[in-house]
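Topology and contacts: notes
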Amino acid sequence: MKMTFRWYGEKDSIPLNYIKQIPNMSGVVTAVYDVPVGEVWSEDKIARLHQLCREADLEMEVIESVPVHEDIKLGKPSRDRLIANYAQTIRNLGKFGVKCICYNFMPVFDWLRTNLKTEAADGSNSLSYNHEELMRLDPKNLHLPGWDESYSTDELNSLLESYSGISHEQLFENLVYFLNGIMPACDEAGINMAIHPDDPPWDMFGLPRIITSAESYDKLFSAVPNPHNGVTFCTGSLGAGRFNDLPDMAKKYASRIYFAHIRQLQYHGDMDFTEMGHLTSAGNLDIYAIVKGLVEAGFEGYVRPDHGRNIWGEDGKPGYGLYDRALGAAYLNGLFEAIEKN
Ligand code: DNO
């Protein structure tokens, strides 16, 4: 495995040399953030990021994310042009040594949480999700991190409206159409696509969500068998679904898992959860068994400690402070070393 760390580009408050100081850090997971969704990432912009990483002696082999335009998810006629642009971005990234692209296919919203600063008894805070609270929110007036807030209310209204005719099946077909359209560019550039699971893994505000479980993975790989069609195994997203057996999935899909996001959850009831520090003992997910499943099945992908808490007085971007993610990386390094040596 290669240990990595998410870095939000030049606007990230965490400097690259701090990331480099975390033991065993091979590189960063980053993105070009100032190109509108659907447009091609120019070589110049990619070169700039690549140069900054090189100067810090960090690799830039993983991109998270190249976002997918809503017209592609909706299967609109404009999708062919947008898919061609996406394929060009893949080719451009390939020229700079990128090996893996994380993306998602969630309609309109990316990850959803109801509280970004849930206080723990020890004074740390983290993200949490309460289903009833979420259901009371108005999707047309949401301000949550992690998804495109650039829509005006009118745009958001009409976007939500356009999904009213889109079933799970239709959305899945549109995903397959997209993947078939970009696989030749992946073959050419040697890049693996790694779809991120829907977070949390159930429908939201009546919008279909399709990457939620082992069944979704089976369906995805049988529809597009090209080995460049792979997944980001996000333990926190899949793990919110009590129906997912994560150690089992880690084992079963290891050869298609190109990227692992590893984090911990504490369950409340059937759907609610609070994000915790990474240790197995801190929550409901057996992080040890998940890593063991990956290692024993020959996993060779990238790993990053996912969402940490804010600790030691840090007021970091929710989920993306420095300290707890660094502790998470150290813990995961230890687990991997111990299991690999066994
Ligand atoms: C949240 C992240 C997601 C992820 C995208 C991938 O912390 O895991 O926002 O980057 O869903 O496209």
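Residues numbered from 1 in each chain as written. Predicted model: local features only at pLDDT ≥ 70, side-chain atom pairs only at ≥ 80, totals over all residues. Heavy atoms only, no water.

**So, the state of the cysteines**
For the structure on display, the rule yields 0 disulfides. Lacking any disulfide linkage, Cys186 is separated from the closest cysteine sulfur, that of Cys100, by 10 Å. (Disulfide = S-S within 2.5 Å.)

**Description of the packing of aromatic side chains**
On inspection of all chains with the given rule, the structure shows 13 aromatic pairs. Between Phe299 and Phe336, the aromatic rings sit 6.5 Å apart at their centres with planes inclined by 40 degrees, giving tilted as the arrangement. A residue pair is termed long-range when its members are at least 10 positions apart, and Phe299 in the loop between helix 11 (287-296) and strand 12 (302-305) and Phe336 in helix 12 (residues 323-341) qualify at 37 residues. Judged by its relative accessible area of 1%, Phe336 is buried. The structure contains a cluster of three or more aromatic residues connected by ring pairs, namely Tyr86, Tyr103, Phe105 and Phe178. (Phe/Tyr/Trp six-rings, centres within 6.5 Å; stacked < 30°, edge-to-face > 60°. Helix = DSSP H or I, 4+ residues; strand = E, 2+ residues; numbered from the N terminus. Buried < 20%, exposed > 50% of the residue type's maximum accessible area, 1.4 Å probe, protein only.)

**Focus on the site of the ligand**
Surrounding the ligand, one finds 14 residues, the nearest of these being Glu64, Ser65, Asn104, His307 and Tyr320. Contact distances for the ligand include 2.9 Å between an oxygen atom and a side-chain N or O atom of Asn104. For the ligand, whose unbound accessible area comes to 330 Å², protein coverage reaches 98%. (Near = heavy atom within 4 Å. Polar contact = N/O pair within 3.5 Å; in protein donor to acceptor, adjacent residues only side chain to side chain. Areas by Shrake-Rupley, 256 points an atom, 1.4 Å probe, with all protein chains shown as cover.)

**Overview of the packing of helix 10 (residues 246-253) against helix 11**
Contact geometry of helix 10 with helix 11 gives a least axis separation of 7 Å together with a crossing angle of 15 degrees. Judged by the inter-axis angle, helix 10 sits roughly parallel to helix 11. Between helix 10 and helix 11 lies a crossing of right-handed hand. Side by side, helix 10 and helix 11 meet where Leu246, Pro247, Ala250 and Lys251 of the first sit next to Ala289, Ile290, Gly293 and Leu294 of the second. For the contact of helix 10 with helix 11, a count of residues per class yields 6 nonpolar, 1 polar and 1 charged. (Axes fitted to C-alpha atoms, helices over the stretch in contact; angles between N-to-C directions. Parallel < 35°, antiparallel > 145°, perpendicular 65-115°, else oblique. Left-handed = near helix turned anticlockwise from the far one by under 90°. Contact = heavy atoms within 4.5 Å. Nonpolar A, V, L, I, M, F, W, Y, C, P; charged D, E, K, R; others polar.)

**A short note on the pattern of salt bridges**
Scanning the model with the defined rule gives 24 salt bridges in all. When the shortest N-O distance is used, the salt bridge between Lys20 and Asp57 registers 3.3 Å. Taken together, the residues span a long stretch of sequence, with Lys20 in helix 1 (residues 16-20) and Asp57 in the loop between helix 2 (43-55) and strand 3 (59-64) at a distance of 37 residues. Arg263 is paired through a salt bridge with Asp199; the nearest N and O atoms lie 3.2 Å apart. Here the residue Arg263 occupies a position in the loop between strand 9 (257-262) and strand 10 (264-268), and Asp199 occupies one in the loop between strand 7 (192-195) and helix 8 (214-223), the gap between them amounting to 64 residues. For the residue pair Arg263 and Asp199, the accessibility class agrees, reading buried in each case. (Salt bridge = Lys/Arg side-chain N within 4 Å of Asp/Glu carboxyl O.)

**Some remarks on the sheet that holds strand 1 (residues 2-6)**
To summarise the sheet geometry, strands pair through backbone hydrogen bonds and adopt either a parallel or an antiparallel arrangement. The strand order 1-2-3-4-7-8-9-12 describes a closed barrel built from 8 strands, whose pairing is parallel. Between one strand and the next, the sheet's axes are offset by a mean angle of 30 degrees, whatever the strand orientation. Sheet topology note: the strand 3/strand 4 (residues 100-103) ladder contains 3 bridges and is parallel. Residue pairing for strand 4: Val62 is matched across the bridge by Cys100. Helix 8 rests against strand 7 and strand 8 (229-234) of the sheet, and its axis sits at about 160 degrees to strand 8. (Pairing = 2+ DSSP bridges.)

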